[in-house]
Amino acid sequence: AYNDGVATVNGTENVATIKLGSSSKIGSATITLPKGTTSVSFYAVAWKGKTATLQFSIGDTVIGTQAIVGNDGATGNAPYTLTVADTDTYSLAMAAFGADTEVTVTPVEAVRVILFGIQAK
C-alpha cells in the first residue's frame, strides 16, 4: 500500500489517497478505527478498466467485502484526477468496537485500488 499519493477529486485538489496493490501484486492497508466505531464510510475506485472486491478483516476474521468499479482517472501515478459519484462511496457496518481496532483492507484480486475520504462513525 502507498499512502503518499494525492488526487484531484471532482475539482478538489490534494485529496489524500491510499493506493493498494499493483498489476501483479495484492496490496493491503491496516487502518485503526477508534473505540465505539459502528460503521466506516469511504470512497473507492479500481484501476481504469478493472473491477475489484475489497475484503475487510480483523485478524483472520473477515468482517465484510465490497465490490468496486474502475475509474478512468485511476491510471498512471499520483496525482490522479478522479471524477466520482455517490455510487463510488461505500459503507461497512459492524458491531461497536470496545477498543481501538485494526482493520485490514485487501483487494481479493491483483488489481490496483485507490481509497480516500475514509470516515469512522
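Sequence order as written defines residue numbering, which begins from 1 separately in each chain. The model is predicted, so local features are restricted to residues of pLDDT at least 70 and side-chain atom pairs to those at 80 or more, both for listing and for counting; the totals for chains, interfaces and linings are taken over all residues. The side-chain quantities take in all heavy atoms of the structure and omit both hydrogens and water.

Another aspect to go through is the side chain of Lys 19. Within the fold, Lys 19 resides in strand 2 (residues 12-20). Buried residues are those whose accessible area, probed at 1.4 Å on protein chains only, stays under 20% of the maximum for their type, while exposed residues exceed 50% and partly exposed ones sit between those limits. Charge convention: Lys and Arg are scored as positive, Asp and Glu as negative, and His as well as the terminal groups of each chain are ignored. Each reported salt bridge corresponds to a side-chain nitrogen of Lys or Arg within 4 Å of a carboxyl oxygen of Asp or Glu. Buried charge without a partner: Lys 19 forms no salt bridge, and the closest opposite charge is Asp 4, 7.9 Å away. Should any heavy atoms of two residues lie within 4.5 Å, those residues are considered in contact. Residues in contact with Lys 19, not counting those within four places in the same chain, are Ala 1, Tyr 2, Trp 47, Tyr 80, Arg 112, Val 113 and Ile 114. What counts as a helix is a DSSP run of H or I of at least four residues, what counts as a strand is a run of E of at least two, and both are numbered from the N terminus.

In summary, soluble globular proteins display a tendency toward joint burial of nonpolar side chains. In plain words, nonpolar cores are sets of buried Ala, Val, Leu, Ile, Met, Phe, Trp, Tyr and Cys residues tied together by side-chain atoms within 4.5 Å. Judged by nonpolar contacts, the single largest core of 33 residues is most densely connected at Leu 20, Leu 54, Ile 68, Leu 82 and Leu 115. In terms of residues, this core owes the most to one element, strand 4 (residues 39-46), which gives 5 residues.

For strand 4, a buried count of 7 out of 8 residues is recorded, marking the element as mostly surrounded by other parts of the structure. Paired strands, in this sense, are two strands between which DSSP finds at least two bridges. Bridge analysis of strand 4 against strand 8 (residues 89-93) gives 5 bridges, and the strand direction is antiparallel. When the bridges of strand 8 are listed, Val 40 appears paired with Leu 92. Pairing of strand 4 with strand 10 (residues 113-120), which is carried by 6 bridges, proceeds in the antiparallel orientation. By the bridge assignment for strand 10, Tyr 43 is matched with Phe 116.

It is worth spelling out the environment of Ile 18 at this point. If you trace the backbone, Ile 18 turns up in strand 2. Taking the C-alpha atoms as reference points, Ile 18 and Ala 29, separated by 11 residues in sequence, lie 8.1 Å from one another. Among all residues touching Ile 18, those that are not within four sequence positions of it are Ala 1, Tyr 2, Asn 3, Ala 29, Val 113, Ile 114, Leu 115 and Ile 118.

Strand order across the open sheet formed by 6 strands is 7-1-2-10-4-8, with mixed pairing between neighbours. Strands with a single pairing partner mark the edges of an open sheet, and in this sheet they are strand 7 (80-82) and strand 8. On average, adjacent strands in this sheet sit at an angle of 45 degrees to one another, irrespective of strand direction. Two strands pair when backbone bridges link them, and strand 1 (residues 2-9) and strand 7 are joined in this way by 3 bridges, in the parallel orientation. Following the sheet pairing, Val 9 is matched in strand 7 by Leu 82. Every angle, taken between N-to-C directions, lies between 0 and 180 degrees, and every axis is a line fitted to C-alpha atoms, over only the stretch in contact when it is a helix.

Bringing the confidence of the model for the protein chain into the picture now. Known as pLDDT, the predictor's confidence for each residue is given on a scale from 0 to 100. Mean pLDDT over the protein chain: 96, with 100% of residues reaching 70 or higher. At the level of individual helices and strands, the protein chain shows its lowest average pLDDT in strand 1, which scores 93, and its highest in strand 7, which scores 98.

What follows covers the sheet that holds strand 3 (residues 29-33). The strand order across the open sheet built from 4 strands is 3-9-5-6, with neighbouring strands paired in antiparallel fashion. Unpaired on one side and paired on the other, strand 3 and strand 6 (61-69) mark the two borders of the sheet. Between one strand axis and the next, the sheet turns through 25 degrees on average, direction left out of account. One ladder, built from 5 bridges, connects strand 3 with strand 9 (residues 101-107); its direction is antiparallel. By the bridge assignment, Thr 32 is partnered in strand 9 with Glu 102.

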